[in-house]
Amino acid sequence: MKRSLWTLFLPVLVVLAVGLYPLLTQQDVHRETSFTLLRAVALAASLNIILGFTGYVSFGHVVFYGLGGYVAFYLVAEKGWPFWSAVLMGGLAAALLAFLIGAGILRLRGAYFALVTIGVNEAMKAFIYNFQPFGGPVGLTMNFAVYKAYGGPRAVLWMTYHWLFVVTLIVVAVSYWIRVSKFGLGLLSIREDEDAAEVMGVRTSWFKTWAFTLSAFFPGLVGAIFFFRNASIEPHDAFPLHVSIESIVMVMLGGQGTVIGPILGSIGYQWMRVFLLTNRLLKNIQLAVAGGLLLLIVLFIPAGLVGWLRRRFPATRRFLL
Amino acid sequence: MNVLLRTENVVKRFGGLVAVNQVSFELYEGEILGLIGPNGAGKTTLFNCINGIYRPEEGRIFFRGTDITGWSPSRLAHMGMARTFQIVRPLAELTVRENVMVGAAFGEKRLPLSQTARVADEVLAFLGLADRADQLAGSLNVAQKKRLELARALASQPRLLLLDEVLAGLNPTEVDEMVETIRRIREQGITILMIEHVMRAIMNLSDRILVLDFGELIAEGTPEEIAQNERVIKAYLGDPKLAQRFALEE
Ligand SMILES: Nc1ncnc2c1ncn2[C@@H]1O[C@H](COP(=O)(O)OP(=O)(O)O)[C@@H](O)[C@H]1O
Ligand SMILES: [Mg+2]
């Protein structure tokens, strides 16, 4: 079956639509909505690299977001680094953490891996809590003089938005590349049967480590961008476990292991979340709803929306990937 | 003749159980070597030692003249060793073609992805699975899954092919087809070490046969020699059903 180029265009078009809208309207409220959406897409699509393509369920995705946020924030606010280089360092720090712990924890399978990723997140939170250069429990606050160099707070809001938009597009392009590359075929074979993959010549530990590292790089960038515009960072905001869980829900909802699935899943979930947040009754139980939703997906459409479509209507496989 | 694979006193234990006990043999380039023995004799465990899934507690294994004891399966695959699993392990959510592409992409040749689809289609045609190429591997029936196992292994264009009961669970027509296929694989110059319970087939195909019993190599020889070997017949008498089959087919 020949794959149509729509498999690439569709995901990119969806992200472009979300990302360009505020640029056209120039409205702050649209920008804030799209920022939230793009952040969700970038987190879900990067999580999908290890969760969907490689088959390792990580509950610790947010640790990379928080670490990237802290490293970049520290470099900009305390060391006066330019924003772009700090963001890059945030991503690299997250990737380095994944690379270092990956070799160890990726030996664990299934629930053991999932549990350990929660542990990594909590351990990092505890570490930062006691790490004085990062402000310990109080965290760090941006001196507004720093923003001046970037044209003031309003300009920063737009600049960080542009950055996030570009990063999200890159995540989607990388997802696509992985899915159609030899590297990706190796990952998919690990997801399906790791021992069989190894026997067929896939160096599974090497593939898993790089998938994990790549998957961690992007939340590092996103965290760096987010906390810079947030003007402050503290342990509780940087490592919220529920963001990891919500990312899993978004990936699963749209379809793990597909390129467009996590994008649609994020948008769908965020839309639902807004609905929950504005509903007084449901506002306080939004996490319970996320958990319930995850349960329903796993039970009834484990392949997610896109996976279900691809299976139910094989013709869609040509352009849905 | 060149020795492709050699084991020296290989021992593999599971707790107190010695699953493979001091096994030494040589496999020559171009031959089909049969490996038989009652259920639980240690045949699959020996395979697992050879292709790196287990590290033997004692002994050494040489492949292409190199000591490969303790090497990882992927590294051995890169050296040209391929195997099938007794219990089939399809990559269920990938298509049949993608399954075979994995073999082609990560074996000794490590072909670029662009070439693997072509190789996969050739191998699938050879094994009569061409019309299943776009189907998910999980949706194949057992006989087809067995052929897929073989297709994946072949796509890597291996030097040594380890076959673990590829005939089990096939009906007589399918067995005949598979025997013919194995013969043709050998004609392509691939050396084969095969575990088999279907006596007629293994007697027919093998140049030589090894017999394992309780982890020990109890006999080695041509099919004719093995069929008349006292110890072998005794070993199979411990497994009445097999002894009967052995006698009947001979
Ligand atoms: N992973 C394992 N753990 C413990 N015992 C095992 C394991 N694999 C095989 N065995 C035991 O080792 C012996 C040989 O098994 P196996 O190699 O599968 O036999 P065969 O393939 O000849 O039927 C059997 O007694 C089996 O129960
Ligand atoms: Mg066996």
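Residues numbered from 1 in each chain as written. Chains lettered and ligands numbered in written order. Predicted model: local features only at pLDDT ≥ 70, side-chain atom pairs only at ≥ 80, totals over all residues. Heavy atoms only, no water.

Engineer: Sorry if this is basic, but what is going on with the packing of aromatic side chains here?
Structural biologist: What characterises a pair of aromatic rings is the spacing of the ring centres plus the angle enclosed by the ring planes. Residue and element names in this part refer to chain A. Enumeration over the complete set of coordinates arrives at 31 aromatic pairs over all chains. Considering the side-chain rings of Phe83 and Trp163, the 5.2 Å spacing of their centres and the 80° angle between planes classify their relative orientation as edge-to-face. Highlighted residues: Phe83 in helix H4 (residues 83-105) and Trp163 in helix H7 (residues 153-180), separated in sequence by 80 residues. A relative accessible area of 29% places Trp163 in the partly exposed class. Ring geometry for Phe183 against Trp206: centres 6.5 Å apart, planes inclined by 85°, an arrangement best described as edge-to-face. Of this pair, Phe183 sits in helix H8 (residues 182-192) while Trp206 sits in helix H10 (residues 204-230), placing them 23 residues apart in sequence. Given a relative accessible area of 38%, Trp206 falls into the partly exposed group. (Phe/Tyr/Trp six-rings, centres within 6.5 Å; stacked < 30°, edge-to-face > 60°. Helix = DSSP H or I, 4+ residues; strand = E, 2+ residues; numbered from the N terminus. Buried < 20%, exposed > 50% of the residue type's maximum accessible area, 1.4 Å probe, protein only.)

Engineer: Which parts of the structure should I look at to understand the coordination of the magnesium ion (ligand 2)?
Structural biologist: In an ideal tetrahedron of four donors about a metal, each angle is 109.5 degrees. In an ideal octahedron of six donors, the angles are 90 or 180 degrees. Residues and elements named next belong to chain B. Listed as protein donors to the magnesium ion (ligand 2) are Thr44 (OG1) and Gln86 (OE1); their distances from the metal cover 2.0 to 2.3 Å. Here Thr44, found in helix H1 (residues 43-50), pairs with Gln86, found in the loop between strand S6 (81-83) and helix H3 (96-106); they are 42 residues apart in sequence, far enough to count as distant. Owing to a relative accessible area of 26%, Thr44 belongs among the partly exposed residues under this scheme. (Donors = N, O, S within 2.8 Å, 3.2 Å for Na, K, Ca; no water.)

Engineer: Just checking my understanding: could you explain helix H4 (residues 113-126) of chain B for this structure?
Structural biologist: Quick reminder: α-helices carry 3.6 residues per turn. Residues three or four places apart thus point the same way. Taking 1.5 Å per residue as the helical rise, H4 of chain B with its 14 residues ought to reach 20 Å, and the 20 Å between its terminal C-alpha atoms agrees with that figure. Listed in full, the buried residues belonging to H4 of chain B are Leu113, Thr116, Val119, Ala120, Val123 and Leu124 of chain B. When H4 of chain B is viewed along its axis, its buried side chains cluster within an angular range of 135° and face the same direction. Each element contacted by the buried residues of H4 of chain B is listed here: H7 and H8 of chain A together with H3 and helix H5 (142-155) of chain B. Among the residues trailing H4 of chain B, Gly128 of chain B stands out with phi positive, at a value near 70°. (Expected span 1.5 Å × (residues − 1). Arc of directions from axis to C-beta. Contact = heavy atoms within 4.5 Å.)

Engineer: Help me understand the site of ligand 1, please; the structure alone is not making it clear to me.
Structural biologist: Residue and element names in this part refer to chain B. The full set of residues close to ligand 1 is Phe14, Leu17, Ala19, Pro38, Asn39, Gly40, Ala41, Gly42, Lys43, Thr44, Thr45 and Tyr54. Between ligand 1 and Gly40 there is a distance of 2.8 Å, counted from an oxygen atom to a backbone nitrogen or oxygen. The separation between an oxygen atom of ligand 1 and a polar side-chain atom of Thr44 is 2.7 Å. For ligand 1, whose free accessible area comes to 560 Å², the fraction covered by protein is 61%. Elements represented by at least two residues in the shell around ligand 1 include exactly strand S2 (17-28) and H1. Taken together, the residues that form the shell around ligand 1 break down as six nonpolar, five polar and one charged. (Near = heavy atom within 4 Å. Polar contact = N/O pair within 3.5 Å; in protein donor to acceptor, adjacent residues only side chain to side chain. Areas by Shrake-Rupley, 256 points an atom, 1.4 Å probe, with all protein chains shown as cover. Nonpolar A, V, L, I, M, F, W, Y, C, P; charged D, E, K, R; others polar.)

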